[in-house]
Amino acid sequence: MKLKSSYDFYLILATTLVLSAISLISIYGMFYFKFVQIQQMAPPLKIMFMNRMNAIVAPFIICLILLLGICVPKRLLPTAWLNRITAILLTCVVVTGFLYGVKASLFFILAASLVLQSIVLVMALAGSRNLHFHKKGYWVRFGSSLIHLGLIIFILDLFFYENKTVHLLLFWVTTGASILGMLFCFYAESVVNLIAGRQPASNESIT
Amino acid sequence: MGSGLQGLLPIKLFSQGGGILLAALLVLSSGITVSTCVNLYCRKPAWQEATGVLLASINLLFILGFLWICWFHWQIYAKLPLELPENLSGWVNSQLEIINSNSDYGMPLYNPADPPRYRIPPWIENEKYYFWFMCYALMALLVHFRLQAHRFRAVLHLFLAVQVAVLFWGVDPFNRPLPQFFSEITPLYGAGPSLMQQAGYFMRIYPKMIFYYNAEYMWFHPPLLFISYGSITIMFITSVFMLIKRDLETEKIGYGYAKLGFFMLTVGMLLGYPWALKAWGPNWWWDPKICSSLMMWAVFSTYLHTRLYANKKSMWYFTAFLGIICFLAMIFTFLTSFYFPGEHTFQ
């Protein structure tokens, strides 16, 4: 159990590092935009800039989704199996990236995460006790699953950028999942406790 | 501002009424500043009840001022239709049809019987600061009654006093209301432009009316972000106090506002996405403001993740540190519009 907890902890730290790297890339993009005066360039040059920035950030997005890909089965599997699944996912991502490029690699990890996260969501909805969440509480688990599903669909949606109908449809699915997820995760438990006249659940407290 | 507009709208009355309100706000916040200094200096709490009354009064004035701004916007809606001479409507509509045929998102045709009107939300130009600071004032009032620690309260009040001072001396929304908006529409209401000039002005300002001032997203995207900014400010203050003392109640309040802030920020950013597609087309990704917003969201997500482990001593301080970084990222993101070019620029 201790190992499980430290696994979670290191995953959180890794997520922090990846998010920090994405932040730094964003800051780099801002200053580059200003000093090269991208806004005054012709549309093809602007698109070149966007593609270049996409290429820079893509490995970190893959890492983020990979971490999410590990986080998701973490909720389903014991640690030994988790390590195996992580190794398989990692190998598949590297092989796909090597054979078909970064985009295909990102698509693969997104698709895998989407399938796993959907399973977690259904299990959370069914109130399964086999799920391992850091936080307790039915609504918190359900909400957290929805938020992560929303994030996966949002990044997946960027693949359908040129197909406006699908792109916008998936975007609204993402928005709906994120809003509902945050509402359930942040507030539903408090509302349930308030109605039932109970003290706030322990998941709200860090102790 | 053109004399034509002065005659159409009660601009002078709005400025005078707003000026009185803002002066009253400044007087009350001066009182709170004195209380802040005393409470920061003394070991024992002082004038806590009086400060609570002052804080409630400041909130009341903020709300009155906000209603005053809403009333002024209603006047713009009622008295400032975008009217054209009847013989121009045919030509204008033919131009709009050409534009619509080449665009994914069309503009409604001009109807002389029901000319388009401005439905401007009360959080554009300098009014956005007013709305943002009003949200903070409301949150500060709620936190004031939840947490008794006098030094914490003092810092909470200090931030409010600074915001009122910024409003009064820097970004007064009443003194020169909506300068950008009025500078755009003044030529149309000026003294006798020719028919072709009127048509030209109309074709210039009508798209901005549809895709900016009257955009439905305008009612959600900016206010959600400003509510989030208010929450992040509260989170910042709690984070600073978390660095000084490991007090669970302070952390709990900070986390409550972090949740609200993250919720508002995420929904606000998401709702900006379809608006940007509609108003700017596809080529705005990696715009500096988008980059800085992404950066801020990433920092905020990191904060919420590390907070799960704040029961460890090192993570407690790291979470508090991230709360402070998140506030700095918010200030940086806001100032981005002034320094960086791009679609969101105020330059």
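Residues numbered from 1 in each chain as written. Chains lettered and ligands numbered in written order. Predicted model: local features only at pLDDT ≥ 70, side-chain atom pairs only at ≥ 80, totals over all residues.

Secondary structure summary: chain A contains 6 helices and 0 strands in total. Scored against the burial criterion, the 207 residues of chain A give a buried share of 31%. In chain A, of all internal contacts separated by at least 6 residues, the share reaching a separation of at least 24 is 69%. (Helix = DSSP H or I, 4+ residues; strand = E, 2+ residues; numbered from the N terminus. Buried ≥ 20, exposed ≤ 12 C-beta atoms within 10 Å, placed from the backbone. Contact = placed C-beta atoms within 7 Å.)

Contacts between the two partners involve 31 residues from chain A, matched on the other side by 31 residues from chain B. If you list the elements that add at least two residues to the side of chain A that touches chain B, you get α1 (2-36), α2 (43-74) and α6 (164-196) of chain A. Tallying contributions element by element places α1(A) first for the side of chain A that touches chain B, with 14 residues. Residue composition of the side of chain A that touches chain B, by class: 18 nonpolar, 11 polar and 2 charged. (Nonpolar A, V, L, I, M, F, W, Y, C, P; charged D, E, K, R; others polar.)

A few words on the domain arrangement of chain A. Residues and elements named next belong to chain A. In terms of domains, chain A is made up of domain 1 (1-129) and domain 2 (133-207). Between domain 1 and domain 2, the residue contacts involve 17 residues of the former and 13 residues of the latter. Looking at the side of domain 1 that touches domain 2, the elements with two or more residues in it are α2 and α4 (102-125). Looking at the side of domain 1 that touches domain 2, its residues break down into 11 nonpolar, 4 polar and 2 charged. (Domains from an automatic or database assignment.)

Packed helices, taken two at a time, are described by the angle their axes make and the gap between the axes. All names here are of chain A. Taken N-terminus to C-terminus, the directions of α4 and helix α5 (residues 138-157) make an angle of 160 degrees; their axes are 9 Å apart at the nearest point. Here α4 is positioned roughly antiparallel relative to α5, judged by the angle of their axes. The chirality of how α4 crosses α5 is left-handed. Taking contact as the criterion, the partners of Leu-110, Ser-113, Leu-114, Gln-117, Ser-118, Val-120, Leu-121, Ala-124 and Leu-125 in α4 are, on α5, Arg-141, Phe-142, Ser-145, Leu-146, His-148, Leu-149, Ile-152, Ile-155 and Leu-156. Residue composition of the contact of α4 with α5, by class: 12 nonpolar, 5 polar and 1 charged. (Axes fitted to C-alpha atoms, helices over the stretch in contact; angles between N-to-C directions. Parallel < 35°, antiparallel > 145°, perpendicular 65-115°, else oblique. Left-handed = near helix turned anticlockwise from the far one by under 90°.)

What follows deals with helix α10 (residues 248-280) of chain B. Residue and element names in this part refer to chain B. Compared with the 48 Å implied by 1.5 Å per residue over 33 residues, the 46 Å span of α10 between its first and last C-alpha is a close match. The sharpest bend along α10 measures roughly 25 degrees and falls at Pro-274. At the exit of α10 stands Gly-281, carrying a positive phi of roughly 80 degrees. (Expected span 1.5 Å × (residues − 1). Bend = angle between axes of the 7 residues up to and from the residue.)

Let us look at the environment of A:Phe154. Residue and element names in this part refer to chain A. Mapped onto the fold, Phe-154 is located in helix α5. Classification of Phe-154 as partly exposed rests on a count of 18 C-beta atoms within 10 Å. Once the C-alpha coordinates of Phe-154 and Leu-67 are considered, the two residues, 87 residues apart in sequence, prove to be 16 Å apart.

Let us look at the nonpolar core. Core analysis: the largest hydrophobic core is formed by 113 residues, its most contacted members being A:Ile65, A:Ile109, B:Ile58, B:Leu160, B:Val299 and B:Cys326. Among the elements that line this core, the one with the most residues is helix α9 (residues 221-244) of chain B, at 12 residues. Two domains each put at least three residues into this core: domain 1 (1-129) and domain 2 (133-207) of chain A. Not counting chain neighbours up to four residues away, the residues in contact with B:Ile58 comprise B:Leu25, B:Leu28, B:Ser29, B:Ala137 and B:Leu160. By size, the runner-up hydrophobic cluster in this structure holds 9 residues, among which are B:Leu84, B:Tyr110, B:Ile185 and B:Phe202. (Core = buried A, V, L, I, M, F, W, Y, C linked by C-beta atoms within 7 Å.)

In this model, A:Gln37 sits at a positive phi of 60 degrees, which is unusual for a non-glycine residue. Look at B:Glu125: it is not a glycine, yet its phi comes out positive at around 50 degrees. When you line up the elements, B:Glu125 lands in the loop between α4 (86-101) and α5 (127-146). The class of B:Glu125 is partly exposed, set by 18 C-beta atoms lying within 10 Å.

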